[in-house]
Amino acid sequence: MTQDLGFAPWEARAVNLPEHAGNAIHTDAGARAAGFPAALVAGVDVYGYLTHLPVVAWGESWLSSGGAEVHFRRPVFDDDLIRSTAAEAPDDEGAVAVTGEVDGSARAIARFWPAAPTAPEARSGERLAPLTLPLEERWRRHGDRLGDDLPLYAERALVHPVLWPHLANQVVARDLISGSWIHTRSIIRHHAAVTVGGEAAARATVVERFDSPAGERAVLDISIEVDGDVVATLEHEAIVRLADRTD
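Report follows, based on the coordinates. (Residues numbered from 1 in each chain as written. Predicted model: local features only at pLDDT ≥ 70, side-chain atom pairs only at ≥ 80, totals over all residues. Heavy atoms only, no water.)

## Quick look at the side chain of H183
Residue placement: H183 occurs in strand 9 (residues 182–190). The exposure class of H183 is buried, given its relative accessible area of 7%. A distance of 3.4 Å separates a polar atom in the side chain of H183 from the backbone oxygen of R185. Polar side-chain contacts of H183 include one of 2.8 Å to the side chain of S186. (Helix = DSSP H or I, 4+ residues; strand = E, 2+ residues; numbered from the N terminus. Buried < 20%, exposed > 50% of the residue type's maximum accessible area, 1.4 Å probe, protein only. Polar contact = N/O pair within 3.5 Å; in protein donor to acceptor, adjacent residues only side chain to side chain.)

Here you go:
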């Protein structure tokens, strides 16, 4: 049995942000073509809702040295109610299991660490070209756009932690896909809190490709640098080619 940590549950209405429309799965037409009833909310933004609890609990220390493992189990649609709750995970001291629920059914499950486990050694594979992204003001305001207006980001001019899996998704979209695709899980380790300004560079290696009933999957190791310093590392998995619905 998990133990209640005393964190107050938190609720928000999911928002399907327009900038994700480049992946057709986040549009009504593209989602229906893939067999879903409506556009899917981006996994990175579902993760953004789940980060509310560790930021409330641990503040900037989690952004600078914490971590997370998130699995996306079922789709979240625009205006769905996400309810985040937390409990102590029995097998990892200090870890927290967080569930994003819609109508009582878990859509995403995350495990957050106040101090991230040590990153494994870099693995070999297909090296991809670096991807850079300016750390603009909108990344400080990303939580506001989702309906999560925690003051820490504005007070400290910090970028929202959703930026790191977003960058990983940008690499996937640029190099690995040719149609609709789905982000399925990430392990994210923070190595520094980051303020707006400057530029982030993501360096990625494809370490595994394999087939599943849902389609072809790819696993990437990604290191993100700002001003030459590593600020986050990720293991990132996505379905890069959806299985044909008629198979």
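## Considerations on the side chain of H190
You can see H190 is positioned in strand 9. Here H190 falls in the buried class, since its relative accessible area comes to 3%. There is a polar contact of 2.9 Å between the side chain of H190 and the backbone oxygen of W62. Apart from the residues within four sequence positions on either side, H190 is in contact with Y47, W62, L63, S64, S65, G66, P161, W164 and V231. (Contact = heavy atoms within 4.5 Å.)

## Considering the pairing of strand 11 (residues 215–226)
A large share of strand 11 lies buried, amounting to twelve of its twelve residues. Looking at chain direction, strand 11 and strand 12 (residues 229–242) are connected through twelve bridges and run antiparallel. From the neighbouring strand, I222 faces strand 12, where its bridge partner is L234. Taking the residues between adjacent antiparallel strands as the criterion, strand 11 and strand 12 are bridged by two residues, where D227 takes a positive phi near 55°. (Pairing = 2+ DSSP bridges.)

## What to know about helix 2 (residues 43–50)
Counting buried residues in helix 2 gives eight out of eight residues, a clear majority hidden from the surface. Among all positions in helix 2, only G43, V44, D45, V46, Y47, G48, Y49 and L50 are buried.

## As for helix 7 (residues 163–175)
With 13 residues, helix 7 should reach 18 Å at 1.5 Å per residue; the first-to-last C-alpha distance of 18 Å fits that figure. Residues of helix 7 that are buried: L163, W164, P165, H166, L167, A168, N169, V171 and V172. The inward-facing, buried residues of helix 7 contact helix 2, strand 8 (131–134), strand 9, strand 10 (199–212), strand 11 and strand 12. (Expected span 1.5 Å × (residues − 1).)

## Here we look at empty space enclosed by the protein
In total, this model carries two cavities of 30 Å³ or more according to the counting rule given. Estimates place the volume of the largest cavity at around 60 Å³. If you go around the largest cavity, the residues you meet are L63, L158, V159, H160, P161, W164, H190, A192, A193 and V194. Among the residues forming the lining of the largest cavity, the class breakdown is eight nonpolar, two polar and no charged. Considering only enclosed or pocket space, the second largest cavity measures out at about 40 Å³ in volume. What lines the second largest cavity is E19, H20, V44, D45, R138, W139, H142, V162 and H166. Looking at the lining of the second largest cavity residue by residue, the class counts come to three nonpolar, three polar and three charged. (1 Å grid on protein atoms, 1.4 Å probe; cavity = no way out; pocket = protein on both sides within 12 Å on 5 of 7 lines; lining within 4 Å. Points joined across faces, edges and corners; volume = space filled by probe spheres on them. Nonpolar A, V, L, I, M, F, W, Y, C, P; charged D, E, K, R; others polar.)

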